[in-house]
Each structure stands twice: as C-alpha cells, then as structure tokens.
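Residue strings, one per chain:
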Amino acid sequence: MKRNRIAFTLLAVLFLAITAAGCMTIGHEFRVDAVSRIRIGETTRLQIGDIFGPPWRTGLEDGKTTWTYAHYRYSMLGGSMTRDLVIRFDDKGVVTSYTFNSSYPEDQRR
C-alpha cells in the first residue's frame, strides 16, 4: 500500500514537471497595434523607446544598431505563437527599416 502511494506521488510529480516544462515564454509582450506608427526615415530611437519601452534584445546588423522586441510562447500541447519586431537605426538614431513577423491569427488580419 505504501509503495503504491509513493509510486503514485512520483508519477504525479513527473507529470507536473513534464507539463510545466512543456510551456515556455521567451521575451516580453509589446504593442503590436503601434507597429504602424513607425515611419522609416522619421521615427527616432527615443520615440521607439517611448512607444514600445526598452527592447528585449539589442544588436548590430551591418554595423548598424538593431532593437528587437519579441514574444515567443511555446507549448507542447497547444503549439507555438510567436511575434517579433526588429528595428534598424542609422548612425543618427533614426529608423532605416523594420521587420514585423507574427504567427498570431489576429495579427494576420492587419
């Protein structure tokens, strides 16, 4: 009887661990509705920070500063949902280009 209880407890803990490990979020949510406010050659890095907040990741592309806003949600049971916005700036801190990608169905209707 005691062995059964221990075995059941171990199975329950294992199930909970697998379920918890099956869901993962990376990055942070950002204002998708504000992507249309970005103007190439006009919007500044300061304005981007005011609109979207601090970037999740920064980097360089061809020697130019990039800011990335991303929200990736992975689930073993429900599939993955991802959004990312990569903004590229010139040496003066003005947007030169940006890329927005999403697998969220509501974003496909924009």
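See the structure shown above.
Residues numbered from 1 in each chain as written. Predicted model: local features only at pLDDT ≥ 70, side-chain atom pairs only at ≥ 80, totals over all residues. Heavy atoms only, no water.

(A) Spotlight on the overall build of the chain. Looking only at helices and strands, the chain has three helices and five strands in total. Counting from the amino terminus, the chain carries its helices and strands in the arrangement α-β-α-β-β-β-β-α. Counting the 110 residues in the chain, one finds 28% classified as buried. Taking the intrachain contacts of the chain between residues at least 6 apart in sequence as the baseline, contacts between residues at least 24 apart amount to 43%. (Helix = DSSP H or I, 4+ residues; strand = E, 2+ residues; numbered from the N terminus. Buried < 20%, exposed > 50% of the residue type's maximum accessible area, 1.4 Å probe, protein only. Contact = heavy atoms within 4.5 Å.)

(B) Representation of helix H2 (residues 45-52). All buried positions along H2 are accounted for by Ile48, Ile51 and Phe52. Burial along H2 is one-sided: seen end-on, the buried residues are contained in an arc of 75 degrees. Exposed residues pointing more than 90 degrees away from the buried face of H2 are listed as Leu46 and Asp50. Contacts made by the buried residues of H2 are with strand E3 (64-75), strand E4 (81-89) and strand E5 (95-102). Downstream of H2 by a residue or two, Gly53 has a phi angle that is positive, lying close to 85 degrees. (Arc of directions from axis to C-beta.)

(C) Seen up close, the pairing of E3. Pairing geometry for strand E1 (residues 23-27) and E3, over five bridges, is antiparallel. Residue pairing across strands places Cys23 opposite Ser75, the latter belonging to E3. Sheet topology note: the strand E2 (residues 57-61)/E3 ladder contains five bridges and is antiparallel. Bridging from a neighbouring strand, Gly59 pairs with Thr66 of E3. Joining the antiparallel neighbours E2 and E3 is a turn of two residues, in which Asp62 adopts a positive phi near 55 degrees. As paired strands, E3 and E4 are joined by eight bridges and run antiparallel to one another. Opposite Thr66, over in E4, you have Arg88 as the bridge partner. (Pairing = 2+ DSSP bridges.)

These results come straight from atomic positions and should not be treated as a statement about function.
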